[in-house]
Amino acid sequence: MSHLLVEENVCFSSSRTIPQVQNVLRKVADSVDVIVWMSDSQDNCIFINEEVQTLLPHSEVFNLYEWFKFIHPEDVALVRTSFARAKETKEDYQLEYRIIRSNGTTRWMLDSGIPRFSETGTFAGHNGIIVDITKQKIALERLAKKLELEYRLLAENTSDLICHCAPDGTCLYMSPSYTQTLGIEASVAIGRNVCDFIHSDDIGLIRGEIKRQLHTGIAPEVIEIRKRHQDGHYVWMETKIKVLVDPVTKLTTGTLTVSSDITVQRYAREVIRRGGK
């Protein structure tokens, strides 16, 4: 691919100052919906698609890190880290981030890249594409809000205990059934680590289930754990944990747990085990 690009004479040569480069990239950040690019091993952009070339009076080289200056401050660290890791490992990458327009509004971009190698196997840079996905993100956010309302309606009218946690285990949501079954108010639990409400001997079982799902992608399995009642005693729960993974970045976004009280079932099994004694 790089050989064809050189023959078609669409590679860049250095000709402009950094401020001029930033002015061009500002136009790109403001208006261009699709950016196809190619970098060399030093992260210099050596090819860019025709729509962007029309903004360039002369061919030029600019470093990909110049683009990072237009990325939202809350996203730039993730982008830098992901891009540096992809370069170090010479692997594909894909991530979503926001860029800031001149007027202060933001656009969501999906940035994907694959490594490129010379005929001798030497890393030569990345080929990539950046696509504006703002409309899709807005549509997904609207759908997510609708689903959240339906989810809360279901969660708040079921006897099952439903808990949504962040990747580090911080409780983000607890259904009212926690209060009914365990005496725990959501206002007390939200913001705390969910392990604070689980028997210490069962935490390893939970972590093992999460690890199993992440490594195999297999559907959740039911596990039995003990959750602490507000008064200090423990209640046996049949629990299914679903690890939530972003379909684009493949990063873990948290867990969703559904539990039900199985105290009676556990007691019945123990009676049977002892022969009815």
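Participant: Looking at this model, I keep getting lost on the pairing of strand 5 (residues 106-117). Mind explaining?
Facilitator: The buried fraction of strand 5 is high, at nine of 12 residues. Looking at chain direction, strand 4 (residues 93-100) and strand 5 are connected through eight bridges and run antiparallel. Counterpart to Y97 in the pairing with strand 5 is M109. Where strand 5 hands over to strand 6 (residues 123-132), the hairpin turn is made up of five residues, of which G121 adopts a positive phi near 90 degrees.

Participant: Can you help me understand the pattern of salt bridges in this one?
Facilitator: Pairs may arise between side chains of opposite charge once their charged atoms sit close together. Under the defined criterion, the tally for this structure stands at 14 salt bridges. Residue R26 pairs with D30 through a salt bridge whose shortest N-O separation is 2.9 Å. Here D30 and R26 lie together in helix 2 (residues 18-31), a separation of four residues that amounts to about one turn. We classify R26 as partly exposed; its relative accessible area is 21%. Judged by its relative accessible area of 24%, D30 is partly exposed.

Participant: Just checking my understanding: could you explain helix 4 (residues 73-89) for this structure?
Facilitator: Along an α-helix, residues three or four positions apart point the same way, because every turn accommodates 3.6 residues. Look at helix 4: 25 Å from first C-alpha to last across 17 residues, which is about the 24 Å you get at 1.5 Å a residue. Among the residues of helix 4, D75, V76, V79, S82, F83 and A86 are the ones counted as buried. All buried residues of helix 4 project into a common sector of 140 degrees when viewed along the axis, lining one side. Exposed residues pointing more than 90 degrees away from the buried face of helix 4 are listed as P73 and E88. Of the surrounding elements, those touching the buried residues of helix 4 are strand 1 (34-39), strand 4 and strand 6. Note on helix 4: the residue one or two positions beyond its end, K90, has a positive phi of about 60 degrees.

Participant: What is the right way to look at the pairing of strand 1 in this model?
Facilitator: Looking along a regular strand, one sees side chains alternate from face to face of the sheet. With five bridges connecting them, strand 1 and strand 6 associate as antiparallel partners. Bridge pairing links V36 to I129 in strand 6. When strand 1 meets strand 2 (residues 44-48), the two strands line up antiparallel, connected through three bridges. Paired with W37 across the two strands is I48, which belongs to strand 2. Hairpin connection between strand 1 and strand 2: a loop of four residues separates the two successive antiparallel strands, and D43 in this loop has a positive phi of roughly 70 degrees.

The rules behind the values
- Residues numbered from 1 in each chain as written.
- Predicted model: local features only at pLDDT ≥ 70, side-chain atom pairs only at ≥ 80, totals over all residues.
- Heavy atoms only, no water.
- Buried < 20%, exposed > 50% of the residue type's maximum accessible area, 1.4 Å probe, protein only.
- Helix = DSSP H or I, 4+ residues; strand = E, 2+ residues; numbered from the N terminus.
- Pairing = 2+ DSSP bridges.
- Salt bridge = Lys/Arg side-chain N within 4 Å of Asp/Glu carboxyl O.
- Expected span 1.5 Å × (residues − 1).
- Arc of directions from axis to C-beta.
- Contact = heavy atoms within 4.5 Å.

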